[in-house]
Every structure is written in C-alpha cells, then in structure tokens.
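Results of the structural survey
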Amino acid sequence: MEDRILRPLGLRQTRWMGTSPTLPRPHAQACQLFGPGSRVDVTDQIPVDHENLSFVTTTRDENRFLRALLDGRLLPARQLAKMKQTVRVSAEVQKLWPDGRYGLGLVERPLRSCGGTYWSHEGGDGGYTTLNGVTGDGRRSAVVSMSEARGDTPEHILDQENAASALIDHALCAGGPSTP
C-alpha cells in the first residue's frame, strides 16, 4: 500500500491503524445518536478491525485517492471498467441512494442538479460518517465528513444521507455538467 498508493499519490495523512483503538490527533469528536435524547460521545470507542478496516484518512487524502482511481492512475483501464459495471441497488438501498447502481466497490449516483453521474464509496463507523463523490473523469471531487452519526431513527439516517448527498451534488455541479 505504501509503495503502490500512499507515497506516489502523496497521501501523507492516511495511516494504517493496526490494532490501535484510538485515532491519530488531531481529530474531530464523534457522537452517535442511539435514541431520543441519547447523544453519546463515542470518540474513544472506535472499533478496529485490524485485518480489514484499519486505514484512516483525511478528506484531502480521500479526495486525492478517489480522483486518482477515477482518472485512471491507479488501475489499468480494463480493471477500472470492471469496477464500474453496475447493477441496480435494492429497493431498501434505493431509499438512501435513489437511482443508485453498485459496481465492484463503487456506487454510481445521478447528479440531480446538473445531469450526469458521479462515483462514490461512502463509509464510517462509531460516530463518524463520510460521503464522497468524484466525476467519472476524476476532475471534480468532494468529501463530506460528519462527526455525528444520526442512527437513532430511520428518518434521521435518511435526513443525514440526503443532506450530505445534496452537498456532494452541489459541489460537483458547481463547475457545470458532469461527464459520466
């Protein structure tokens, strides 16, 4: 990872966490809503899966990585094309990603305000939620990082997803129509 991706792309703030249960400083305080009036500080309770999910990054590095992936600097064109072969997401997931399609680790979503589509792979855990988007040519990207996960009700989850998705759409459409 270091030689193939991190160093060549200049991802200086992306780190392998190993088995560390704490995030590198500085970092935002994270809160999780578990029910009405149950805002809990979960900053120091980040679960670490040292075999699968132990990389942490910044929004800057995430943007760089996504742009490099979509503009063809990380994978041969044939492999990237395979990642972009999509299927429609389930009816349940459609609530979060209207008209979304899923490929190999990438979600294709429509740009509502300017046409075209963008690619994404959102994530988060323990109070931290990140949505992102990059145009198909890798020229424009945006990352929305939230340090409060509103997981107490399905409505709050949807509201948070919709608000962040609208920010991504606005940021990617600010430069005009997108290319798929």
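Rules and cut-offs
- Residues numbered from 1 in each chain as written.
- Predicted model: local features only at pLDDT ≥ 70, side-chain atom pairs only at ≥ 80, totals over all residues.
- Heavy atoms only, no water.
- Pairing = 2+ DSSP bridges.
- Helix = DSSP H or I, 4+ residues; strand = E, 2+ residues; numbered from the N terminus.
- Buried < 20%, exposed > 50% of the residue type's maximum accessible area, 1.4 Å probe, protein only.
- Arc of directions from axis to C-beta.
- Contact = heavy atoms within 4.5 Å.

Pairing within the open sheet is mixed, and its three strands lie in the order β3-β2-β12. The open sheet terminates on both sides in strands that have one partner only, identified here as β3 (39-41) and β12 (148-149). Judged from the two bridges that link them, strand β2 (residues 31-33) and β12 form a sheet pairing that is parallel. For Cys 31, the partnering residue across the bridge sits in β12 and is Glu 148.

For the rest of this paragraph, the subject is helix α1 (residues 2-9). Listed as buried for α1 are Ile 5, Leu 6 and Leu 9. Here the buried residues of α1 occupy an arc of 100° about the axis, which is enough to place them on one side. Residues of α1 that are exposed and point over 90 degrees away from its buried face: Asp 3, Arg 7 and Pro 8. Contacts from the buried residues of α1 go to β4 (55-56) and α2 (59-70). Immediately beyond the C-terminal end of α1, within one or two residues, lies Gly 10, with a positive phi of roughly 70°.

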